[in-house]
Amino acid sequence: MRVFNFSAGPAMLPTEVMEHAAREFSDYHKTGCGIMELTHRGGEFTEVIEAAEKNIRTLMGIGDEHAVLFIQGGASLQFAMIPMNLHVPGTAMEYADTGAWSSAAIKEAKLFGDVKVVCSSKDTNYNKIPDIRHWKLDPKASYLHITSNNTIFGTQYHSFPETKIPLLADMSSDFMSRVVDVGQFDLIYAGAQKNIGPSGVAVVIIKKELVKRTPANTPTMLKYATYIDNKSLYNTPPTFAIYMIRLVTDWMIKKGGLAAIEKINDTKSEALYETIEEGDFYKNPVEPASRSKMNVVFRLPTEVLEEKFVKEAKAKGLIGLKGHRSVGGIRASIYNAMPLEGVEKLIDFMNEFEKNNS
Ligand SMILES: *Cc1c(COP(=O)(O)O)cnc(C)c1O
């Protein structure tokens, strides 16, 4: 039986997609083997990777000036690849510090040069996205890096800074969950395992011109140009993960694209925040203007009740609700694959739990 999985990642994938993959798991398109057993240079896989890229381009409206790449190492490798490839010697790399993942990106960048943190919400335990109007940006910096959705703290940008320098974004936990103007960004990256597939691959969308900056002594596998020149097929890519992205993005197109998906995500998150706001039992620590539509965090009156909540929810087929170990509390991750029905089930359970425990 399928449950409603509120885990932050790896996360739930659409049941339809899981069933589709299961049907052709050991015999892909009458080849007598699974897609993961087929050469990455053959016709079957070429069709898969090309369709995955085309789907992402179509869904996000990506034009020719950006490349769409599939790279192993997750979002965390991008924390290092970005400064390795894109730091301009003699200039600072600018970062917005909005949570644990931003901090991890900053830590890596510091290995490669001067880092300037342009804003931070650390003082208030990362409960907001600092007001963009007050950031002090240097027009000579290498780039500005932001984290569009903060998976652990439950915050999200609802507008993006306008910059003259390249704008780069870690979109791991809200990638393809809403309409975004890709033209505003010079680089977008996301580990697939939150919104569009299994772990094992990150999608990187990069303005091709940017790689002119990359130092010549950068290792081949860590150069964006290698992936651009070889269509992500310089070495063996994570074929099964890319195949799953293809299926998930097919599903997204069938659902009506990002605008339609965004609408459902809005409905889901609004319903959940409304339930939290209704009484005094549940409390969300995030400033309303910065609340995430992907990761909804909340507290109960005591930690004992939080533990009980997680346990009883699990018994009802609502799993993965425990907050990140660094912050505690409850976190409901409601990515694209979480149907409205799952959120409604959670809301019913929250109302019942409140009645029985307050
Ligand atoms: C999960 C996550 C990461 C880390 O992703 P990996 O693929 O495990 O390296 C980085 N940034 C954000 C915003 C995340 O949510």
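Here is what the cut-offs are and how they apply
Residues numbered from 1 in each chain as written. Predicted model: local features only at pLDDT ≥ 70, side-chain atom pairs only at ≥ 80, totals over all residues. Heavy atoms only, no water. Near = heavy atom within 4 Å. Polar contact = N/O pair within 3.5 Å; in protein donor to acceptor, adjacent residues only side chain to side chain. Areas by Shrake-Rupley, 256 points an atom, 1.4 Å probe, with all protein chains shown as cover. Helix = DSSP H or I, 4+ residues; strand = E, 2+ residues; numbered from the N terminus. Nonpolar A, V, L, I, M, F, W, Y, C, P; charged D, E, K, R; others polar. Phe/Tyr/Trp six-rings, centres within 6.5 Å; stacked < 30°, edge-to-face > 60°. Buried < 20%, exposed > 50% of the residue type's maximum accessible area, 1.4 Å probe, protein only. Core = buried A, V, L, I, M, F, W, Y, C linked by side-chain atoms within 4.5 Å. Domains from an automatic or database assignment. Contact = heavy atoms within 4.5 Å. Buried area = accessible area lost by both parts, 1.4 Å probe.

1. Focus on the site of the ligand
Thought 1: Of all residues adjacent to the ligand, which total 13 residues, the nearest are Ser76, Thr151, Asp170, Gln193 and Lys194.
Thought 2: The backbone of Ala75 places a nitrogen or oxygen atom 3.0 Å from an oxygen atom of the ligand.
Thought 3: Note that an oxygen atom of the ligand is positioned 2.8 Å from one of the side-chain N or O atoms of Gln193.
Thought 4: Considered on its own, the ligand offers 380 Å² of accessible surface; in the complex 87% of this is hidden by protein.
Thought 5: The leading source of residues in the shell around the ligand is helix 3 (residues 74–86), at four residues.
Thought 6: Looking at the shell around the ligand residue by residue, the classes come out as three nonpolar, eight polar and two charged.

2. Overview of the packing of aromatic side chains
Thought 1: One pass over the structure, following the stated rule, counts 18 aromatic pairs.
Thought 2: Between Phe309 and Phe353 the ring centres are 5.2 Å apart and the planes differ by 80°, which places this aromatic pair in the edge-to-face class. With Phe309 in helix 8 (residues 303–315) and Phe353 in helix 9 (residues 340–357), this pair connects stretches of sequence that are 44 residues apart. By the burial criterion, Phe309 is buried, and Phe353 matches it.

3. A closer look at the nonpolar core
Thought 1: By size, the foremost hydrophobic cluster in this structure holds 54 residues, and its most contacted members are Ile146 and Phe175.
Thought 2: Among the elements that make up this core, the one with the highest residue count is helix 6 (residues 239–254) (nine residues).
Thought 3: Counting 27 residues, the second-largest nonpolar core is a separate cluster that includes Tyr282, Ala313, Leu318 and Met350.

4. Observations concerning unusual backbone geometry
Where the residue is not glycine, phi is negative for most of them; where a peptide bond is considered, it is trans in most cases.
Thought 1: At the junction of Gly9 and Pro10, the peptide bond is cis and its omega measures out at -5° in the coordinates.
Thought 2: With respect to the helices and strands, the residue Pro10 is situated in the loop between strand 1 (4–5) and helix 1 (15–23).
Thought 3: If you check the backbone angles, Asn125 has positive phi at about 50° while not being a glycine.
Thought 4: Here Asn125 is to be found in the loop between strand 4 (115–120) and strand 5 (143–147).

5. Structural notes on the domain arrangement of the protein
Thought 1: Splitting the protein by domain gives domain 1 (4–12 + 257–357) and domain 2 (15–254).
Thought 2: With 29 residues of domain 1 in contact, the opposing surface of domain 2 contributes 26 residues.
Thought 3: Interface of domain 1 and domain 2: buried area, both sides summed, is about 2,200 Å²; carbon and sulfur atoms make up 56% of it.
Thought 4: Of all residues in domain 1, the largest losses of buried area upon contact with domain 2 belong to Leu258, Ser290 and Asn336, amounting jointly to 25% of the total for that side.
Thought 5: Between the two partners, domain 1 and domain 2, sit 15 residue pairs in polar contact (both at pLDDT 80 or more).
Thought 6: Put simply, the parts of the chain that give the side of domain 1 that touches domain 2 at least two residues each are helix 7 (257–278) and strand 11 (295–298).
Thought 7: Of the residues belonging to the side of domain 1 that touches domain 2, the class tally is 15 nonpolar, nine polar and five charged.

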